[in-house]
Amino acid sequence: MKRMRDLVVALLGIWLLWLAAYQAPLQMAWAIGGDVASQRRMDEDAFIRGAHASEPPTRTACLDDPSQTCWWWEVLAPGERPYRWTQAQTQIALHGVGGGAYRVTLSGRGQPGTQPTLSTWQMGAVALQVALPANQVRRFHILTQADAAGNLNLSLHTAPFIAGGDPRELGFVWYELGIAQLGAGPRSPAWPVLGWLSLSLIAVYAGAHLLTSSPRLNLGLLWGLGLAGGLALALARLATTTFAPTLAGIAGVALVLAGMGWLATRNLGNHRAFVRQVVALSILALALRSGGMLHPHARYSDSMFHANKLFALSLGNVFQSAGLPSEAGGGMAPYPTGMYMLLLPGQLLVEDRLALVQIGTAALDSLVVAGIALLLVASGLGHAAALLGAACYLLPIPVLESLSVGELANVGGQIIAFGFVALVVVSDRRAWSQAWLIGAVGLLSAGLLAHSGVTLSLGAFTAGLWLLALIRWIRGKRDAGLIGLPHLTLVASGALGLVLLIYYSAPVYLNGMLERVGSSDTGGGGGRPLGAIIGWTLGSIVGVRAPGGHPLPPLLGVVAVAGLGWLWRQREAQMTGLRMGLGGLWIGMVLSQAILLVADQGVRWALFLYPGLCLSAGAMLGVLWQRGRMQRLVALGTLAIIMGYGLMIWIMQVRDYLHT
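The structure presented is a predicted model; accordingly, all values stated were derived computationally and were not measured.

### Focus on the packing of helix α12 (residues 408-425) against helix α14 (residues 452-474)
At their nearest, the axes of α12 and α14 sit 9 Å apart, and the two run at 15 degrees to each other. With respect to α14, the axis of α12 lies roughly parallel. Note on packing geometry: the crossing formed by α12 with α14 is right-handed. For the pair α12 and α14, contact is made by Asn410, Gly413, Gln414, Ala417, Phe420, Val421 and Val424 and by Val454, Leu458, Phe461, Thr462 and Leu465, respectively.

### Examining helix α18 (residues 556-569)
Here α18 spans 20 Å end to end across 14 residues, near enough to the 20 Å set by a 1.5 Å rise per residue. If you check which residues of α18 are buried, you get Leu556, Gly557, Val559, Ala560, Gly563, Leu564, Trp566 and Leu567. Contacts made by the buried residues of α18 are with α17 (530-541), α19 (576-593), α20 (605-625) and α21 (629-656).

### Quick notes on the environment of Ala450
The residue Ala450 is located in the loop between α13 (429-447) and α14 in this model. The spacing of Ala450 and Ile416 is 34 residues in sequence and 7.1 Å in space, taken between C-alpha atoms. Sequence-distant contacts of Ala450, defined by excluding residues within four places in its chain, comprise Pro336, Gly413, Ile416 and Thr455.

### Some details on the state of the cysteines
Tallying each qualifying case throughout the model produces one disulfide. Across a sulfur-sulfur distance of 1.8 Å, Cys62 and Cys70 are joined as a disulfide pair. Judged by the torsion about the S-S bond (100 degrees), the Cys62/Cys70 disulfide is right-handed. Relative accessible area serves as the criterion here: at 13%, Cys70 is assigned to the buried category. Looking at Cys392, it has no disulfide partner, and the nearest cysteine sulfur is the one in Cys614, 5.1 Å off.

### Some points on the packing of aromatic side chains
Following the criterion strictly, the structure yields 13 aromatic pairs and no others. An aromatic cluster is present here, built from Trp71, Trp72 and Trp73 joined pairwise through their rings. Just above the ring of Trp71 sits the side chain of Arg59; from NZ or CZ to the centre is 4.5 Å. Positioned over the ring face of Tyr335 is Lys309, at 5.4 Å from the centre of the ring.

### Quick notes on the pattern of salt bridges
Under the counting rule described, the total for this entry stands at 11 salt bridges. In this structure, the salt-bridge partner of Asp656 is Arg655, at a minimum N-O distance of 2.7 Å. Judged by its relative accessible area of 25%, Asp656 falls in the partly exposed class. What emerges from the salt-bridge pattern is a single network uniting Arg40, Asp43, Arg655 and Asp656.

### Side note on the side chain of Thr337
Along the chain, Thr337 turns up in the loop between β15 (331-334) and α8 (338-343). You can call Thr337 buried: its relative accessible area is 1%. Within the structure, the side chain of Thr337 is placed 3.5 Å from the backbone oxygen of Val318, a separation counted as a polar contact. If sequence neighbours within four positions are ignored, Thr337 has contacts with Leu313, Val318, Gln320, Leu449 and Tyr503.

### Focus: the pairing of strand β6 (residues 101-109)
Pairing of β6 with strand β9 (residues 138-145) involves eight bridges; the strand directions are antiparallel. Opposite Leu106, over in β9, you have Phe140 as the bridge partner. As paired elements, β6 and strand β13 (residues 173-182) share nine bridges and run antiparallel to each other. Note that in β13 the partner of Arg103 across the bridge is Ala180.

### Structural notes on helix α9 (residues 353-378)
Along an α-helix, residues three or four positions apart point the same way, because every turn accommodates 3.6 residues. Between its first and last C-alpha, α9 extends 37 Å over 26 residues, near the 38 Å set by a 1.5 Å rise per residue. Sitting at the head of α9, Asp352 places a side-chain oxygen 3.1 Å from the backbone nitrogen of Leu354. Of the residues one or two after α9, Gly380 is the one with positive phi, at around 80 degrees.

Cut-offs applied
- Residues numbered from 1 in each chain as written.
- Predicted model: local features only at pLDDT ≥ 70, side-chain atom pairs only at ≥ 80, totals over all residues.
- Heavy atoms only, no water.
- Axes fitted to C-alpha atoms, helices over the stretch in contact; angles between N-to-C directions.
- Helix = DSSP H or I, 4+ residues; strand = E, 2+ residues; numbered from the N terminus.
- Parallel < 35°, antiparallel > 145°, perpendicular 65-115°, else oblique.
- Left-handed = near helix turned anticlockwise from the far one by under 90°.
- Contact = heavy atoms within 4.5 Å.
- Expected span 1.5 Å × (residues − 1).
- Buried < 20%, exposed > 50% of the residue type's maximum accessible area, 1.4 Å probe, protein only.
- Disulfide = S-S within 2.5 Å.
- Phe/Tyr/Trp six-rings, centres within 6.5 Å; stacked < 30°, edge-to-face > 60°.
- Lys NZ or Arg CZ within 6 Å of the ring centre and 35° of its normal.
- Salt bridge = Lys/Arg side-chain N within 4 Å of Asp/Glu carboxyl O.
- Polar contact = N/O pair within 3.5 Å; in protein donor to acceptor, adjacent residues only side chain to side chain.
- Pairing = 2+ DSSP bridges.

Next up, the structure:
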């Protein structure tokens, strides 16, 4: 009864907080076509339907030199503004703004010709007919009321203009959309939005209750999410309200997964609580990744490319290729289908291949959270270190950037490569030497069929591991529970020979490689100075801004390096595999970065190294956790900074990517 009373009190308090958030004034404006001052565009895409692409195009020929390309804001004449053509039927949906009176502002001009363009603007039962001159921009201010659900919906109906050589359905030229709340006094919220958010909170609380044994922690989570929702409604209302139904759907799926996890762990005895906590972290990781990818403001450049690759594989096209950018040498190159093979069975359940590749990739990467926790436990570092290390991977910045950009094959290939890394860490040849060798050859072979960048990183990791094994062999160390030099050499040569014989020897690949070798234009650039490469790499690891992307979270690199040093000083045999695996990851990172000496574009080294950073950071945070209350607060504060920084970068990626 007390738990139910606390839940009811929390929900009532959160509702009061949300009602207060809706009293905050709302005023927003969008430059349709783009804002020259901020050099942003397409921020209005989440709220409009039936409008053509922005003009001028994002990249177009420069005015002074048509052979060069310029950004859209660089080709505008003085006083000229970017714009979008509406279609014959254009919809504006500003959902969840809240009750009350509003001023809606639209500006535009009519179709070419001598007569004004007549357009009918429908708002509920009210229809206005406006006349837009052909050569003059007019701004219209419309006073209206939100409907009973707290939404503003406008329909723009315009007789289409037929332009010679242009197959588009053209309405009128649109420049601006704005909304401003009018009047004072209490305002009613958008009740459906509060309903969706409430369902999300209840689903999260129920899922946490199934997988954790701390009512106080679950109640704190509920209050924390409620406070975050209140701040979002007050400061970023439309970005929150348009996402509320999707958020409730994600929370519902998370609850179903939590229920499945609860059922699957009922008979685990003493390990049940820990395994359920790991499951909870994995589900949270999936929800965080999926939330950013499904937000209506998010835009992608390559996701449909992967959906088409998956479709091609389903038709039997196993040997696929893709064009490399000029920085990587240019031309067509093999594009292994390892990641798509993992997602291929999902087509039996999910018809939308775009959603399958996006959410499927996020789900695959979420498994790394569980993998990190299990590897730390298998290395004898305890449950606290395992959970802290796994939590470090909840919001991995290189993964989030790749998901935002649409580099799904890079992320999906990671889970294949991580399988071999994990097997190295927990190897025990004393118990199953033949099975281990077969599994290692199979996992390494599968990893070599992942994305080419992952393949290079995995090859560099194997080379680094072989170097460490060679050093141990020369020093006379023969750990019975660790892969040795002869076995690693056998695994590496066997896997490489297998993939070359079965996959990369396909005629389509051999012919392409021969053509590239025979071509005089196979270079990818002059490379970069060694000092710059070292500076950028170290700067990114310790949280200093690096070119080409965001640096890693502050403190993660520092804590990870400290944890690596602590692990290397330990003498427990159980940790030897972890030390070797981490050493291979770091040496592999150095080897893969050496590519930049001869090419302008390297591999996604941070993407490959990040699980290793979380492993050693978990070890260090686990040491702090065991030393008292103050050290526990330090560990939790460090984790909060890592996760907070990751969440900030994820929000920025969703907000900014392809909005230029």
